[in-house]
Amino acid sequence: MAGWIGDLFLLKEDDPHFVVGLVSFLLGHVFYSIHFLHGIQPSHVPALVFLSLPVYTAYACMIMRGLWPGMEKKLHLPCVIYLCVIAFMSFCALCSLSVHPSAGSALAFVGSIIFVISDTLVAWERFGNPDIHGVMETYVPAQYLIMLGILLA
């Protein structure tokens, strides 16, 4: 539901609508994260999974470094927060997969990675290259895989 609301707000190009769309998607990722972590204790997650945190962090830093120059200063903090939340959501999906390995958990994790890619494309389109393609081609499968994974898990 949060993604659909976010989609509606992102149809407008102005900053207030963009921020409301960002917040809508952010809430969706928070709900996904809560679902993925439900019933999981940090001690249950294999130590190897935590080695992915520097990869997520490096990815987020690399994306922000590339987008920073083309982004209005007032959008810096909201975009950094959003990027951290979506990276955390994907990490939570990985934690869920590592603790509860199943086809559903695997689909949700793959969907989370595709969602990160989709939102990266949205950011590049908005702040870097307006001619970029592939947003909807990644967004739709990402949402589908996450929801299918949740239903199957």
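Residues numbered from 1 in each chain as written. Predicted model: local features only at pLDDT ≥ 70, side-chain atom pairs only at ≥ 80, totals over all residues. Heavy atoms only, no water.

Caption draft 1: Spatial organisation of the nonpolar core. Judged by nonpolar contacts, the single largest core of 38 residues is most densely connected at Phe36, Cys79, Phe115 and Phe127. Those elements that place two or more of their residues in this core are α2 (15-37), α4 (53-67), α5 (76-99), α6 (103-127) and α7 (135-152). Looking at which element gives the most residues to this core, the answer is α5, with 12 residues. Those residues within four positions of Phe115 in sequence are excluded, and the remaining contacts are Phe25, His29, Tyr82, Ile86, Met89, Tyr139, Ala142, Gln143 and Ile146. (Core = buried A, V, L, I, M, F, W, Y, C linked by side-chain atoms within 4.5 Å. Buried < 20%, exposed > 50% of the residue type's maximum accessible area, 1.4 Å probe, protein only. Helix = DSSP H or I, 4+ residues; strand = E, 2+ residues; numbered from the N terminus. Contact = heavy atoms within 4.5 Å.)

Caption draft 2: Region of the structure containing the packing of α6 against α7. Put simply, α6 and α7 touch, their axes get as near as 7 Å, and they point 155° apart. Here α6 lies roughly antiparallel to α7, going by the angle between them. As for how α6 packs across α7, the hand of that crossing is left-handed. Tallied by class, the residues present in the contact of α6 with α7 amount to 15 nonpolar, 8 polar and 1 charged. (Axes fitted to C-alpha atoms, helices over the stretch in contact; angles between N-to-C directions. Parallel < 35°, antiparallel > 145°, perpendicular 65-115°, else oblique. Left-handed = near helix turned anticlockwise from the far one by under 90°. Nonpolar A, V, L, I, M, F, W, Y, C, P; charged D, E, K, R; others polar.)

Caption draft 3: Seen up close, the side chain of Thr138. Along the chain, the position of Thr138 falls in helix α7. You can call Thr138 buried: its relative accessible area is 16%. Side-chain polar atoms of Thr138 contact the backbone oxygen of Gly134, separated by 2.8 Å. At 2.9 Å, the side chain of Thr138 forms a polar contact with the backbone oxygen of Val135. Not counting chain neighbours up to four residues away, the residues in contact with Thr138 comprise Ile114, Ile117, Ser118 and Leu121. (Polar contact = N/O pair within 3.5 Å; in protein donor to acceptor, adjacent residues only side chain to side chain.)

Caption draft 4: Broad picture of the environment of Gly149. Following the sequence through the fold, Gly149 ends up in helix α7. Residue Gly149 is classed as buried on the basis of its relative accessible area, which comes to 1%. Placed 56 residues apart in sequence, Gly149 and Ala93 show a C-alpha to C-alpha distance of 10.0 Å. Other than its neighbours up to four places away in sequence, Gly149 contacts Gly104, Ser105, Leu107 and Ala108.

Caption draft 5: Molecular detail of the confidence of the model for the protein. Model confidence for the protein is summarised by a mean pLDDT of 89, while 90% of its residues fall at 70 or above. Predicted confidence in the protein is weakest over helix α1 (residues 2-10), with a mean pLDDT of 57, and strongest over helix α3 (residues 47-50), with 96. (pLDDT = per-residue confidence, 0-100.)

Caption draft 6: Seen up close, a nonpolar patch on the surface. Taken together, the side chains of Val23, Leu27, Val30, Phe31 and Ile34 define a hydrophobic patch exposed on the protein surface, amounting to about 450 Å² of accessible area. Note on placement: Phe31 falls in helix α2. (Patch = residues over 30% accessible without salt bridge, like charges linked within 9 Å, V, L, I, M, F, W, Y side chains within 5 Å. Areas by Shrake-Rupley, 256 points an atom, 1.4 Å probe, with all protein chains shown as cover. Salt bridge = Lys/Arg side-chain N within 4 Å of Asp/Glu carboxyl O.)

Caption draft 7: Up close: the environment of Glu125. On the secondary structure map, Glu125 appears in helix α6. A relative accessible area of 34% means that Glu125 is categorised as partly exposed. When residues no more than four places from it in sequence are discounted, the contact partners of Glu125 are Pro130, Ile132 and Val135.

Caption draft 8: Broad picture of the packing of aromatic side chains. Considering all chains together, one arrives at 6 aromatic pairs under this definition. Centre to centre, the rings of Phe25 and Phe115 are 6.2 Å apart; their planes meet at 75°, and the pair counts as edge-to-face. On the criterion of sequence distance, the pair formed by Phe25 in helix α2 and Phe115 in helix α6 is long-range, its members being 90 residues apart. When the centroid spacing of 6.4 Å and the interplanar angle of 85° are considered together, the rings of Tyr56 and Phe91 count as edge-to-face. Taken together, the positions of Tyr56 in helix α4 and Phe91 in helix α5 put the pair 35 residues apart, joining distant regions of the chain. Residue classification places Phe91 among the buried residues on the basis of a relative accessible area of 6%. (Phe/Tyr/Trp six-rings, centres within 6.5 Å; stacked < 30°, edge-to-face > 60°.)

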